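Report on the structure
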Amino acid sequence: MRISFLHTIESNKAVFGLAAMKAGWSTDQIRHATREDLRQAIAQQSATSCGAHGLVHEALRSLMAEADVVIVTCATLGPAVDTMGEPSVPIIRADAALAKAASRAGRKLAVLCAVESSVAPNRELFEHHAAATGASVTVQLIPRAWALYEEGKQAACMAACAQAANEAYAQGFDVVAYAHPWMAESAELVGNKYRPIHGVQAALDAVRAVREGG
């Protein structure tokens with residue numbers, strides 16, 4: 001099964017690519033496209049404009065031509081994915097796959113975000129999926145995480161994400177979800193018997209479900 005990834009952050013290429021190869025996909029089954037311009041277009045468009053959505057649809061159609069499934073790794077593109085209509089191959093939103101998996105995994109969910117503007121969209125997305133299971137959702141912002149990420153201070157950024165996860169478990173949350181795929185690396189730093197879940201694994205699990213007809 002061939003997977004195409006649509007990214008808006010270059011570092012997600014390595015995060016998802018490595019995870020896919022560890023899960024059994026070969027390099028010739030994986031294709032990446034990184035389009036920072038799409039994230040910027042969505043962020044800049046007015047509420048009534050559909051031009052940016054059209055750009056996302058065009059990029060997705062190009063990827064679908066050479067794939068059996070497409071994974072959209074950036075949550076900002078999610079609304080545009082939802083307006084595309086019937087795709088020729090399955091399109092998996094990594095953020096939606098994560099919200100669905102988290103809602104099924106426990107009753108008290110903590111969603112950790114690094115960017116202020118991502119808090120409200122994540123709350124809406126996770127609460128939508130949690131409504132089907134009765135889980136509660138709390139969205140928390142990790143101070144300084146995004147600033148550290150942008151400054152290239154990878155170790156400090158991952159440590160901050162892990163600390164936030166540890167604190168969430170200590171507060172009694174039974175599921176901790178990392179809202180941004182690039183946080184996935186820090187899951188191994190969490191000193192708890194549980195590990196935070198993230199969109200990288202959730203998206204690949206969703207691909208397996210497609211492959212198995214689930």
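Reading the values: rules and limits
Residues numbered from 1 in each chain as written. Predicted model: local features only at pLDDT ≥ 70, side-chain atom pairs only at ≥ 80, totals over all residues. Heavy atoms only, no water. Helix = DSSP H or I, 4+ residues; strand = E, 2+ residues; numbered from the N terminus. Rg over C-alpha atoms; globule rule 2.2 N^0.38 Å. Buried < 20%, exposed > 50% of the residue type's maximum accessible area, 1.4 Å probe, protein only. Contact = heavy atoms within 4.5 Å. Pairing = 2+ DSSP bridges. Axes fitted to C-alpha atoms, helices over the stretch in contact; angles between N-to-C directions. Polar contact = N/O pair within 3.5 Å; in protein donor to acceptor, adjacent residues only side chain to side chain. Parallel < 35°, antiparallel > 145°, perpendicular 65-115°, else oblique. Left-handed = near helix turned anticlockwise from the far one by under 90°.

Of the regular secondary structure elements, the chain holds nine helices and eight strands. Scaling as 2.2 N^0.38, a compact globule of 214 residues should have a C-alpha radius of gyration of about 17 Å, and the chain matches this with 17 Å. Dimensions along the principal axes, computed over C-alpha positions, put the chain at roughly 45 × 40 × 40 Å. Taken over 214 residues, the chain has a buried fraction of 47%. Of all intrachain contacts in the chain linking residues separated by at least 6 positions in sequence, the fraction that spans at least 24 positions is 68%.

With that settled, the discussion passes to the sheet that holds strand 8 (residues 197–198). The strand order across the open sheet formed by four strands is 6-5-7-8, and the pairing between neighbours is parallel. Strands at the two margins of the open sheet, each flanked by one partner only, are strand 6 (136–141) and strand 8. Here four bridges tie strand 5 (residues 108–113) to strand 7 (residues 175–178), and the two strands are oriented parallel to one another. Note on strand 7: the bridge partner recorded for Leu 109 is Val 175. Contacts from helix 5 (residues 94–105) reach strand 5, strand 7 and strand 8, with the element oriented near 170° to strand 7. Helix-sheet contacts for helix 8 (residues 154–170) involve strand 5, strand 6 and strand 7, and the interaxial angle to strand 7 is about 155°.

Turning to the pairing of strand 2 (residues 30–34), a few remarks are in order. Here strand 1 (residues 3–7) pairs with strand 2 via five bridges, running parallel. Among the inter-strand pairings, His 7 is bridged to a residue of strand 2, identified as Thr 34.

What follows is about the environment of Ser 26. Within the element layout of this structure, Ser 26 appears in the loop between helix 1 (11–22) and strand 2. A relative accessible area of 30% places Ser 26 in the partly exposed class. Reaching out from Ser 26, the side chain makes a polar contact with the side chain of Asp 28 at a distance of 2.3 Å.

This next bit is on the sheet that holds strand 3 (residues 69–72). Taken together, the four strands give an open sheet; going across it, the order is 2-1-3-4, and neighbouring strands pair in parallel fashion. The sheet is open, and its two edges are formed by strand 2 and strand 4 (91–93), each paired on a single side. Averaged over neighbouring strand pairs, the angle between their axes works out to 20° when direction is ignored. In this sheet, strand 3 lies alongside strand 1 in parallel orientation, the contact comprising four bridges. Pairing of Leu 6 across the sheet is with Val 72, part of strand 3.

With their axes 8 Å apart at the nearest point, helix 5 and helix 6 (residues 119–130) run at an angle of 45° to one another. Relative to helix 6, helix 5 is oriented oblique. Like other packed secondary-structure pairs, helix 5 and helix 6 cross with a definite hand, here right-handed. Of the residues in helix 6, those in contact with Asp 95, Ala 96, Leu 98, Ala 99, Lys 100, Ala 102 and Ser 103 of helix 5 are Leu 125, Phe 126, His 129 and Ala 130.

Geometry only, nothing functional implied.
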